[in-house]
Structure formats: C-alpha cells, structure tokens
Amino acid sequence: MADHKQRLLVVAAHPGDFVWRSAGILAAAVANGGDARVVCLSYGARGESGELWKEEGQTLDNVKRIRDEESREAAAVLGASFSCFDLDDYPIRITPEVEDGLVDAILEFAPTHLITHAREDPFNPDHPAAFQAANQARMLSGGAGVASAFPRVSPPQMLLFEPHQPELCAFTPDLFVDITPVIELKVKAMNAMGAQNYLKQYYLERAQQRANHARRISGRKDIDYAEAFQRLLPDVVSAL
Ligand SMILES: [Zn+2]
C-alpha cells in the first residue's frame, strides 16, 4: 500500500503507542515520498513511564520533558513531525480544546490515512478514549458523506494499529504492511524510547510473527517484518 504518496496522521494516547504499533508504516510512507504526522494526547507520564519514576526526586515536569525528547527523536528518525496535547494520562480526559484541535489537525493536514487505537482495551482506559476522540474528529472533519455546512476534507481511511493484547481488544487484522525495508528505522525509533526499553524485543518479535502470517497469505518470501492493522471502513477501489 506504500506505492502512492500518502499522508499518514497518527493519533496516539501515549508516545510509546506510535512507535511500537506504527513506526514501520510511518517510515515506509515517508520513504515512498509521503508525509507523516504524529499527534499524542499525553506524554504517558503516569501510565508508561514507570522506569523514570524509580529515580529519586523525580518530578512530573521532568518525566514529561524526557518523554518529549524521546518522542521527538523517535519521530525524527521516522521522518514524521510530532506534537502533543499534554493531557494527563491514566485517565486521559478529552477536553473540548483537544476535540477541536484534532479536527483542526485533520482539516489542515488532510490525511489519506488516520491511524489510531482499537475500539476496546480491557487493560488501558486511555486507548479507547483516544479511539473515540480520533473517530469523532474524523467524522467532524470528513462529514457524513454528503454536503455539509462545515469545512471538510476527503474522508481518510481509518486504520487501527495493533494493541498489545490483540485478542482481548477485539482486534482482527485485515491489513499487513511489509516494513522489511524500514525495519532499521523502526528499531532506531524503538531505541529512542529509553523509558520503555523492555518492550523493544517484544515488538521486534511481533513484527517477525506478523511477517510469517504475511508471507503465508501473500506467497511472498521476502517479507521479514510486518505491522498489522485493521480497517475501520471498507476500502473503495476502481478495479481489483
Ligand atoms: Zn498507550
């Protein structure tokens, strides 16, 4: 799917999410002349920065500063831009400003693909909240498929990236993206997330297992690493 110029917009609850779940698809899009933008709702200072809090005298501001640096470095490796609404996490509470900000981001960037969390996650309250916010922004910026009395963009395809425990999140992949050519960039981006180093091996192995599935489905032998996604909406094509 990386053959056309794509504009990928990721809406993630926490910085780690865009790296583990979509670094490959972002790097592949950029490598193919596309554009990638990451919008995080929070810095994950409470939910995914436990390692940093082990340091004596640690402060919320310092944790956020470190996560901001890590996120920017990871995004830069992938060739993506990065911004963060800096909401508190665990729980993320979507404010009207963030609702409007997400709509503005979609109107301004006009993504071909909007990428976010699965609808459900029994272990993480922030992920479904991010899905709801991103999905609402998609509807408010894309309209209802008919003439609207507000500014709108061509509706982006919405892709759900792979949760940590897919079966428990009602996640059934229907799109595998070959990320073999950009796996080094994904590894580099994962390396940048120092506060969550323990997940790096896990997501490298996930990419190898998804590649096994992708090879079986496609018959292609050259896929060593893949990322899995689920479409929220049907694809529309002119010919098969
Ligand atoms: Zn997360």
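Read on for a plain summary of the structure.

Remarks on the packing of helix H6 (residues 183-192) against helix H7 (residues 200-218)
When two helices pack together, their arrangement is given by the angle between the helix axes and the distance between those axes.
Next up, step 1: Packing of H6 against H7 brings their axes to within 10 Å, and their N-to-C directions diverge by 160°. Taken together, H6 and H7 sit at an angle that is classed as roughly antiparallel. Judged by the twist between their axes, the crossing of H6 over H7 is right-handed. Along its contact with H6, which presents Ile183, Val187, Met190 and Asn191, the element H7 presents Lys200, Tyr203 and Leu204.
Next up, step 2: Classifying every residue of the contact of H6 with H7 by side-chain character gives five nonpolar, one polar and one charged.

Re the side chain of Arg210
Next up, step 1: In this fold, Arg210 is placed in helix H7.
Next up, step 2: With relative accessibility at 12%, the residue Arg210 sits in the buried group.

With respect to the pattern of salt bridges
Next up, step 1: Tallying each qualifying case throughout the model produces 16 salt bridges.
Next up, step 2: With its nearest N and O atoms 3.0 Å apart, the salt bridge here joins Glu51 to Lys54.
Next up, step 3: With a relative accessible area of 39%, Glu51 lands in the partly exposed category.
Next up, step 4: A salt bridge links Arg231 to Asp235; the shortest N-O distance between them is 2.9 Å.

Structural notes on the sheet that holds strand E4 (residues 113-116)
Next up, step 1: With respect to topology, seven strands assemble into an open sheet ordered E3-E2-E1-E4-E5-E7-E6, the strand pairing being mixed. If you trace the sheet from one side to the other, it starts and ends with strand E3 (81-87) and strand E6 (175-178), each paired once. Across the sheet, the axes of successive neighbouring strands diverge by a mean angle of 25°, strand direction being ignored.
Next up, step 2: Pairing analysis gives four bridges linking E4 to strand E5 (residues 157-161), with the strands arranged parallel. Along E5, the bridge assignment pairs Ile115 with Leu159.
Next up, step 3: Of the strands in this sheet, strand E1 (7-12), strand E2 (35-42), E3, E4, E5, E6 and strand E7 (226-231) touch helix H1 (residues 15-31), which is tilted by about 100° from E7.

Thoughts on the nonpolar core
Next up, step 1: Phe18 and Leu26 are the most contacted members of the largest nonpolar core, which totals 39 residues.
Next up, step 2: Broken down by secondary-structure element, the contributors of at least two residues to this core are E1, H1, E2, helix H3 (60-78), E5, E6, H6 and H7.
Next up, step 3: Of the residues forming this core, the biggest block, nine residues, is contributed by H1.
Next up, step 4: Look past the residues within four positions of Leu26 in its chain and what remains in contact with it is Leu8, Val10, Phe18, Ala36, Val38 and Leu78.
Next up, step 5: Counting 21 residues, the second-largest nonpolar core is a separate cluster that includes Leu41, Leu102, Val103 and Ala137.

Digging into the coordination of the zinc ion
Next up, step 1: Ligation of the zinc ion by protein atoms is provided by His14 (ND1), Asp17 (OD), Asp17 (OD) and His127 (NE2), these donors lying 2.1 to 2.5 Å from the ion.
Next up, step 2: Every donor counted, the four donor atoms about the zinc ion form angles of 55 to 143° at the centre, which fits irregular coordination.
Next up, step 3: Summarised as a motif, the one-chain spacing of the donors to the zinc ion is H-x2-D-x109-H. Of this pair, Asp17 sits in helix H1 while His127 sits in helix H5 (residues 126-142); the two residues are 110 residues apart in sequence, bridging distant segments of the chain.

Observations regarding the packing of aromatic side chains
Next up, step 1: Throughout the structure, instances matching the rule amount to three aromatic pairs.
Next up, step 2: Seen from their ring centres, Phe18 and Phe82 are 6.1 Å apart, and the 40° between their planes marks the pair as tilted. Of this pair, Phe18 sits in helix H1 while Phe82 sits in strand E3, and the two are 64 residues apart along the sequence. Each member of the pair, Phe18 as well as Phe82, carries the same accessibility label: buried.
Next up, step 3: Residues Trp20 and Tyr203 carry aromatic rings whose centres are separated by 5.7 Å and whose planes lie at 20° to one another, so their mutual orientation is stacked. Remark: Tyr203 occurs in helix H7 and Trp20 occurs in helix H1; sequence separation between them is 183 residues.
Next up, step 4: Using a relative accessible area of 2% as the deciding quantity, one classes Trp20 as buried.
Next up, step 5: Between the NZ or CZ atom of Arg7 and the centre of the ring of Phe109, over which it lies, the distance is 4.3 Å.

Reading the values: rules and limits
Residues numbered from 1 in each chain as written. Predicted model: local features only at pLDDT ≥ 70, side-chain atom pairs only at ≥ 80, totals over all residues. Heavy atoms only, no water. Axes fitted to C-alpha atoms, helices over the stretch in contact; angles between N-to-C directions. Helix = DSSP H or I, 4+ residues; strand = E, 2+ residues; numbered from the N terminus. Parallel < 35°, antiparallel > 145°, perpendicular 65-115°, else oblique. Left-handed = near helix turned anticlockwise from the far one by under 90°. Contact = heavy atoms within 4.5 Å. Nonpolar A, V, L, I, M, F, W, Y, C, P; charged D, E, K, R; others polar. Buried < 20%, exposed > 50% of the residue type's maximum accessible area, 1.4 Å probe, protein only. Salt bridge = Lys/Arg side-chain N within 4 Å of Asp/Glu carboxyl O. Pairing = 2+ DSSP bridges. Core = buried A, V, L, I, M, F, W, Y, C linked by side-chain atoms within 4.5 Å. Donors = N, O, S within 2.8 Å, 3.2 Å for Na, K, Ca; no water. Tetrahedral: all angles 85-135°; square planar, octahedral: opposite > 155°, others 65-115°. Phe/Tyr/Trp six-rings, centres within 6.5 Å; stacked < 30°, edge-to-face > 60°. Lys NZ or Arg CZ within 6 Å of the ring centre and 35° of its normal.

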